Amino acid sequence: MAIRQDTRRDCGLAVGLGVVGERWTLLVIRELLIGPARFTALLENMPGIGPNLLSDRLRTLGAHGVVEQIAIPGEGRALRYQLTELGEQLRQPLLGLAKWGLGFLSEDDRGGTTRAEWGFLAVQSMVRRDAVPEVDDTYQFRVDDQDFTIAVREGRVRFTRGAATEPDLTVACDAETFIRVGARMTSPAEVIASGAVRVSGDPGAALRCIRMLGLD
């Protein structure tokens with residue numbers, strides 16, 4: 001699919017925006033950064049998009065090689081969507097945009113839909129590469145009923161869905177509280193003191209995690 005000539009201007013940013021520079025397109029990619037998903041799941045997790053608009057956005061992303069359809073093992077002809085290798089290259093730019101956007105959240109934004117899976121992306125966007133611990137650590141987060149884990153190994157940070165076997169630190173809270181901490185509407189100390197966040201494990205690991213996420 002050709003990119004509209006009037007948006008090109010021989011500029012990489014303009015060309016990129018010609019592919020993904022629309023709100024719903026970016027939100028489709030957000031959902032697929034969390035993991036592969038069926039069409040119905042994408043529709044459910046993005047209220048307001050509508051099936052025709054979602055089909056159009058997926059078709060455009062597929063035509064540009066950003067998204068592909070894959071079979072679901074054991075479910076006949078059922079399909080789900082996932083990011084291609086090209087689509088995965090959007091992870092860091094979009095996480096950077098998500099981190100930037102957290103700064104605009106305020107108490108006026110409370111009351112909307114907040115999903116635990118968004119915490120999985122939020123925590124990835126918050127990591128400060130210059131504050132990654134020099135020791136190996138494993139941090140487990142339970143946001144609502146979803147678990148995800150950050151593993152620090154030899155200065156590298158890896159994110160996985162699911163619980164850890166022997167975490168050095170375990171943090172549990174609801175999705176709204178997690179986002180409010182990430183947006184600096186409240187501090188880790190305040191939500192721990194109020195009981196909104198429950199922490200267990202090595203106090204040293206807790207301090208290292210807080211610093212790495214830029215919450216100190």
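Asks: How would you sum up the environment of Gly201? Please name residues and give values.
Replies: Tracing the backbone through its elements, the reader meets Gly201 in strand S7 (residues 198-201). Classification of Gly201 as exposed rests on a relative accessible area of 54%. Spatially, the C-alpha atom of Gly201 lies 10.0 Å from that of Glu166, the residues being 35 residues apart in sequence.

Asks: Explain the sheet that holds strand S6 (residues 169-173) to me, and be specific about the residues and the numbers.
Replies: Strand order in this open sheet of 5 strands is S5-S4-S3-S6-S7, and the pairing throughout is mixed. Each having just a single partner strand, strand S5 (156-161) and S7 make up the two edges of the open sheet. Across the sheet, the axes of successive neighbouring strands diverge by a mean angle of 15°, strand direction being ignored. With 4 bridges joining them, S6 and S7 adopt antiparallel strand pairing. Of the residues in S7, the one forming a bridge with Leu169 is Gly201.

Asks: Any chance you could break down the environment of Thr170 for me, citing the residues and the numbers?
Replies: Note that Thr170 resides in strand S6. Separated by 35 residues in sequence, Thr170 and Ala205 place their C-alpha atoms 9.7 Å apart. Ignoring sequence-local partners within four residues, the contact set of Thr170 consists of Gln140, Arg198, Val199 and Ser200.

Asks: Can you explain the packing of aromatic side chains? Please cite residues and give values.
Replies: Inspection of every chain in the model, using the stated rule, returns 4 aromatic pairs. Measuring from centroid to centroid gives 5.4 Å for Phe141 and Phe148, while their planes differ by 10°, and the two rings are stacked. On the basis of relative accessibility, which here comes to 2%, the residue Phe148 falls in the buried class. Ring centres of Phe148 and Phe178 lie 6.1 Å apart, and the angle between their planes is 85°; on these two criteria the pair is classed as edge-to-face.

Asks: Lay out the nonpolar core in plain terms, naming residues and giving numbers.
Replies: The biggest cluster of nonpolar side chains holds 32 residues, and the ones touching the most others in it are Tyr139, Phe141, Ile150, Val157, Phe178, Met212 and Leu213. Broken down by secondary-structure element, the contributors of at least two residues to this core are helix H7 (116-126), strand S3 (137-143), strand S4 (146-153), S5, S6, helix H8 (175-182) and helix H10 (203-212). By residue number, the principal contributor to this core is H7, which donates 5 residues. Membership of the second largest hydrophobic core comes to 23 residues, among which are Leu32, Ala37, Met46 and Leu54.

About the cut-offs
Residues numbered from 1 in each chain as written. Predicted model: local features only at pLDDT ≥ 70, side-chain atom pairs only at ≥ 80, totals over all residues. Heavy atoms only, no water. Helix = DSSP H or I, 4+ residues; strand = E, 2+ residues; numbered from the N terminus. Buried < 20%, exposed > 50% of the residue type's maximum accessible area, 1.4 Å probe, protein only. Pairing = 2+ DSSP bridges. Axes fitted to C-alpha atoms, helices over the stretch in contact; angles between N-to-C directions. Contact = heavy atoms within 4.5 Å. Phe/Tyr/Trp six-rings, centres within 6.5 Å; stacked < 30°, edge-to-face > 60°. Core = buried A, V, L, I, M, F, W, Y, C linked by side-chain atoms within 4.5 Å.

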